[in-house]
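# Results of the structural survey
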Amino acid sequence: MLNDREQEQFLRHWTTAQPVVANYIHSLVRDHAAAQDAIQETAMVLFRRFPEYDVTRPFLAWALGVARFQVLGLRRDLVRDLLTFDEDLLERFTRSWAEIAPEASDREAALQICLGRLGTHARRLVRLRYFDDLNAAQIAGREGGTEASVRMALRRIRERLRGCVERELGPSGSDA
Amino acid sequence: MNADDPEELIESYLDDTLSVAGREALRAWLRSDPAHLKRFADEVLFARQTRAAVLASAGRSAATGWDKAVPRRHWLPWRSLAAAAAGLAVGLFCASPRAVATLSRLIELADGGFEQGEGPIPAGFPRRISVWSGDEAEVVASPDAAEGRRVLQFLRAGPDLSAPGGQAISCDVFQWIDLRPLRRQLAEGGDAVLQVSARFRDAREAPQGSVTFTCQVFLFRGAPEVLAGRWPGNLGEAVASGSMSGDFPGGSPRRWEELTARCLIPSQADFAVVQVAARANLRPASLEGLFVDDVRLSLKTQPVLPVRVARY
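Described below are features of the structure shown in this document. (Residues numbered from 1 in each chain as written. Chains lettered and ligands numbered in written order. Predicted model: local features only at pLDDT ≥ 70, side-chain atom pairs only at ≥ 80, totals over all residues. Heavy atoms only, no water.)

## So, the overall build of chain A
The following threshold applies: Numbered from the N terminus, helices here are DSSP runs of H or I no shorter than four residues, and strands are runs of E no shorter than two. Relative accessibility thresholds used throughout: buried, under 20% of the residue-type maximum; exposed, over 50%; partly exposed, between the two (1.4 Å probe, protein chains only). Each accessible area is a Shrake-Rupley estimate made with a 1.4 Å probe; only the visible protein chains count as cover when residues are assessed.
In terms of helices and strands, chain A carries eight helices and zero strands. Secondary structure of chain A in N-to-C order comes out as α-α-α-α-α-α-α-α. By the burial criterion, 51% of the 176 residues in chain A qualify as buried. Roughly 8,500 Å² of accessible area belongs to chain A as shown, and the carbon and sulfur atoms make up 49% of that amount.

Structure follows, in structure tokens:
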């Protein structure tokens with residue numbers, strides 16, 4: 001069991017790392033309930049093993065390493081296709097995530113602003129894709145058009161959103 | 001689909017339609033350059049963030065798991081009463097692919113359904129166990145209660161007690177719970193998780209500026225009457241905590257949504273503070289038609305087992 005000081009340290013580290021770890025697990029696990037379980041399990045393992053944590057290394061990298069093993073332990077059909085690659089690739093993906101995710105943490109607030117600037121049709125496609133969780137084929141079936149045209153439309157929307165977010169997060173921001 | 005186009009491969013990965021050939025092509029592309037892997041991770045993250053932003057905009061936070069694909073637990077009143085009467089309920093976490101026999105026990109929370117009388121709750125952070133108090137809120141009768149006939153309505157945000165006269169950000173309501181009677185059970189070993197859940201309702205008829213509901217639990221050593229005097233400056237002294245929040249835009253006035261926060265219980269924890277809160281995200285802050293009901297606290301313990309049984 002951790003002493004008082006260790007528990008306080010753990011709490012501080014985990015509070016910061018938790019959103020990044022949660023996004024990482026959700027990006028790899030398609031089943032929502034399984035992802036939530038993996039996040040809880042990761043927290044428990046980190047808590048139990050906190051005395052082994054090397055304070056000279058970033059906590060986030062350690063936490064993501066533990067999360068990676070939790071994901072690897074899940075049933076294959078609950079996990080996205082990346083895991084059918086190999087462990088080396090997953091390890092490198094995890095390292096990339098540890099690099100980019102903390103820097104990108106402020107994008108979500110900007111995204112809410114940028115979503116409001118999309119046109120009616122684009123907003124509808126985004127809603128079908130991300131709110132209703134439909135894939136391109138399902139959206140095409142509902143809205144008309146082809147799967148390829150929906151993919152292209154979603155890609156362009158993503159590019160527009162990226163551009164908007166970059167402007168929002170730029171040195172002075174912009175309403176463009 | 002063009003298996004040579006990384007954009008299409010990424011799009012297929014994101015909507016779970018990657019073919020066997022596409023998987024091979026994506027793997028080859030990722031292996032060909034470290035920058036590709038970084039770009040892929042960034043695209044995946046951006047999609048996650050977009051989804052979260054869409055759900056937040058629509059009033060359903062990704063963080064809370066308010067997803068139509070997620071089965072929701074609707075506890076009926078008789079079920080909670082029966083569980084409380086029994087004192088102990090044995091359950092199996094079927095949502096988990098690694099199911100482990102789990103003991104679940106409801107912990108007494110004073111008036112978690114806000115059924116014992118009407119009117120304003122006491123003001124200020126509570127100094128003793130088993131009473132609700134906090135910022136301006138009142139128990140009101142409601143035909144649409146999540147459970148029973150009354151609910152707690154958040155009325156006005158209050159400043160932090162450590163900074164009287166400071167900015168009022170959220171309306172916070174608290175209750176202390178004595179965990180010491182649980183020590184014998186905790187001493188038996190295994191993981192012990194404290195789980196607090198509450199059901200929230202945003203009764204504003206039309207979509208407007210979002211509000212955030214929060215359900216939290218903090219565990220402390222020491223006595224409430226002492227700890228209360230230093231709140232919230234002593235949050236860093238909490239030996240454990242758990243939190244869950246969700247954003248609502250209005251426009252679904254009859255819907256109750258449940259938030260659940262969990263935290264591991266260290267053996268030295270004496271008391272828990274349960275907190276439910278509402279925060280308006282536009283300024284000036286205006287709280288209207290925001291309710292909480294059916295606050296529950298439970299202890300879940302997993303016995304130490306040499307083997308965990310996987311269910312496939």
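Structure's up, so let's keep going.
## Observations concerning the overall build of chain B
What counts, and what does not: Residues count as neighbours in contact if any of their non-hydrogen atoms are within 4.5 Å of one another.
Tallying secondary structure elements over chain B gives six helices and 13 strands in all. Burial analysis of chain B (312 residues in total) assigns 54% to the buried set. The contacts of chain B with a sequence gap of at least 6 include a subset with a gap of at least 24, amounting to 71%. Working note: accessible area of chain B is about 13,900 Å², and carbon and sulfur atoms make up 53% of it.

## Observations concerning the state of the cysteines
All names here are of chain A. Basically, it comes down to this: Counting rule for disulfides: a pair of cysteine sulfur atoms within 2.5 Å.
This structure, assessed with the given rule, holds one disulfide over all chains. Residue cysteine 114 pairs covalently with cysteine 164 via a disulfide, S to S 2.1 Å. Between cysteine 114 and cysteine 164 the sulfur-sulfur dihedral comes to about -85 degrees; the bridge is accordingly left-handed. Of this pair, cysteine 114 sits in helix α5 (residues 107-115) while cysteine 164 is found in helix α8 (residues 147-168), placing the two residues 50 residues apart along the sequence. Of the two residues, cysteine 114 and cysteine 164, both sit in the buried class.

## Focus on the packing of aromatic side chains
In plain terms, the rule: Note on ring pairs: Phe, Tyr and Trp rings are taken, using the six-membered ring of Trp, and paired if centres are within 6.5 Å. Classes follow the plane angle, with under 30 degrees stacked, over 60 edge-to-face and the rest tilted. Charge-over-ring placement is defined geometrically: NZ (Lys) or CZ (Arg) within 6 Å of the ring centre, and within 35 degrees of the ring normal.
Taken as a whole and assessed by the stated rule, the structure comprises 25 aromatic pairs over all chains. Taking the centre distance of 4.8 Å and the plane angle of 65 degrees together, the rings of Phe125(B) and Phe174(B) count as edge-to-face. Of this pair, Phe125(B) sits in the loop between β3 (119-120) and β4 (133-134) while Phe174(B) sits in strand β7 (residues 170-178), placing them 49 residues apart in sequence. For Phe125(B), a relative accessible area of 9% translates into the label buried. Residue Phe174(B) is classed as buried on the basis of its relative accessible area, which comes to 6%. Ring centres of Phe174(B) and Trp231(B) lie 5.4 Å apart, and the angle between their planes is 75 degrees; on these two criteria the pair is classed as edge-to-face. With Phe174(B) in strand β7 and Trp231(B) in the loop between α6 (224-227) and β10 (240-248), the pair connects residues that are 57 residues apart, well separated along the chain. Residue Phe174(B) shares its accessibility class with Trp231(B), and that shared class is buried. Here the basic side chain of Arg68(A) rests over the ring of Phe69(A), its NZ or CZ set 4.9 Å away from the ring centre. When the ring centre of Phe131(A) is taken as reference, the NZ or CZ atom of Arg127(A) above it lies at 4.2 Å.

## Notes on the interface of chain A and chain B
Selection rule: Note on definitions: buried area is the accessible-area loss of two parts on being combined, 1.4 Å probe, summed for both. A pair is scored as a salt bridge if a Lys or Arg side-chain nitrogen falls within 4 Å of a carboxyl oxygen belonging to Asp or Glu. Polar contacts, as counted here, are pairs of nitrogen or oxygen atoms within 3.5 Å of one another; within protein the pair requires one atom able to donate a hydrogen and one able to accept it, and residues that are adjacent in sequence qualify only if both atoms are side-chain atoms. Classes in brief: Ala, Val, Leu, Ile, Met, Phe, Trp, Tyr, Cys and Pro nonpolar; Asp, Glu, Lys and Arg charged; the others, Gly included, polar.
Counting from both sides, the interface comprises 64 residues of chain A and, opposite them, 64 residues of chain B. Across the chain A/chain B interface, buried area totals approximately 6,300 Å², and carbon plus sulfur atoms make up 55% of it. Ranking the residues of chain A by area buried against chain B places Tyr130(A), Arg151(A) and Arg158(A) at the top, with a combined share of 11%. Linking chain A with chain B are eight salt bridges, by the criterion used here. At the boundary of chain A with chain B, the tally comes to 14 residue pairs in polar contact (both at pLDDT 80 or more). Contributing elements (two or more residues each) for the side of chain A that touches chain B: α1 (4-28), α2 (32-49), α4 (87-103), α5, α6 (120-131) and α8 of chain A. Tallied by class, residues from the side of chain A that touches chain B come to 26 nonpolar, 14 polar and 24 charged.

## Examining the nonpolar core
Here is the rule we go by: For the purposes of this section, nonpolar cores are sets of buried Ala, Val, Leu, Ile, Met, Phe, Trp, Tyr and Cys residues that join through side-chain atoms within 4.5 Å.
Core analysis: the largest hydrophobic core is formed by 81 residues, its most contacted members being Val21(A), Tyr24(A), Ile25(A), Phe59(A), Phe93(A), Trp97(A) and Phe40(B). Filtering out sequence-adjacent residues up to four positions away, Ile25(A) remains in contact with Ala35(A), Ala38(A), Ile39(A), Thr42(A), Ala67(A) and Val71(A). Membership of the second largest hydrophobic core comes to 45 residues, among which are Phe154(B), Leu186(B), Phe213(B) and Leu287(B).

## Let's talk about the packing of α1(A) against helix α3 (residues 59-72) of chain A
Residue and element names in this part refer to chain A. For clarity, the cut-off: The angle between two axes is taken between their N-to-C directions and runs from 0 to 180 degrees, where each axis is a line fitted to C-alpha atoms and a helix contributes only its stretch in contact. Roughly parallel here means an angle under 35 degrees, roughly antiparallel means over 145, roughly perpendicular means 65 to 115, and every remaining angle is called oblique. In this scheme the crossing of two helices becomes right-handed for a clockwise turn of the near helix relative to the far one and left-handed for an anticlockwise turn of less than a right angle.
Running from amino to carboxyl end, α1 crosses α3 at an angle of 40 degrees, the nearest separation of the two axes being 9 Å. Here α3 runs oblique to α1, going by the angle between their axes. Considering only the axes of α1 and α3, their crossing is right-handed. The segment α1 lies against α3, with Phe10, His13, Trp14, Ala17, Val20, Val21, Tyr24, Ile25 and Leu28 engaging Phe59, Leu60, Ala63, Leu64, Ala67, Arg68 and Val71. Broken down by class, the residue content of the contact of α1 with α3 amounts to 14 nonpolar, one polar and one charged.

## Overview of the pairing of strand β6 (residues 150-154) of chain B
Within a regular strand, the side chains alternate between the two sheet faces. Residues and elements named next belong to chain B. This is how it is decided: Two strands make a pair as long as DSSP finds a minimum of two bridges between them.
By the criterion of burial, β6 is predominantly enclosed, with five of the five residues buried. Every second residue of β6 is oriented toward a common face, with Arg150, Leu152 and Phe154 on one face and Val151 and Gln153 on the other, all of them buried. Relative to β6, strand β5 (residues 137-141) runs antiparallel, the two being bridged by five bridges. Looking across to β6, one finds that alanine 141 is bridged to arginine 150.

## Observations regarding the packing of helix α7 (residues 136-143) of chain A against α8(A)
Residue and element names in this part refer to chain A. The contact between α7 and α8 brings their axes to 8 Å, and the two run at 110 degrees. One finds that α7 runs roughly perpendicular with respect to α8. The residues of α8 that touch α7, namely those facing Ala136, Ala137, Ile139 and Ala140, are Glu147, Val150, Arg151 and Leu154. Residues of the contact of α7 with α8, tallied by class, amount to six nonpolar, no polar and two charged.

## Remarks on unusual backbone geometry
All names here are of chain B. If you check the backbone angles, phenylalanine 114 has positive phi at about 55 degrees while not being a glycine. Inspection of the secondary structure assignment puts phenylalanine 114 in the loop between β2 (101-107) and β3. Since its relative accessible area comes to 0%, phenylalanine 114 is described here as buried. Phi angles above zero are rare outside glycine, and serine 130 is one such case at about 65 degrees. Residue position: serine 130 is located in the loop between β3 and β4.

## Some words on α1(A)
Short version of the rule: To estimate how far a helix should extend, the number of its residues minus one is multiplied by 1.5 Å. Values of bend correspond, residue by residue, to the angle between axes fitted over the seven residues ending at that residue and the seven starting there.
Spanning 25 residues, α1(A) covers 34 Å between terminal C-alpha atoms, matching the ideal 36 Å at 1.5 Å per step. Along α1(A), the helix axis deviates most sharply at Ala17(A), where the bend reaches about 45 degrees; the proline Pro19(A) sits within four residues downstream.

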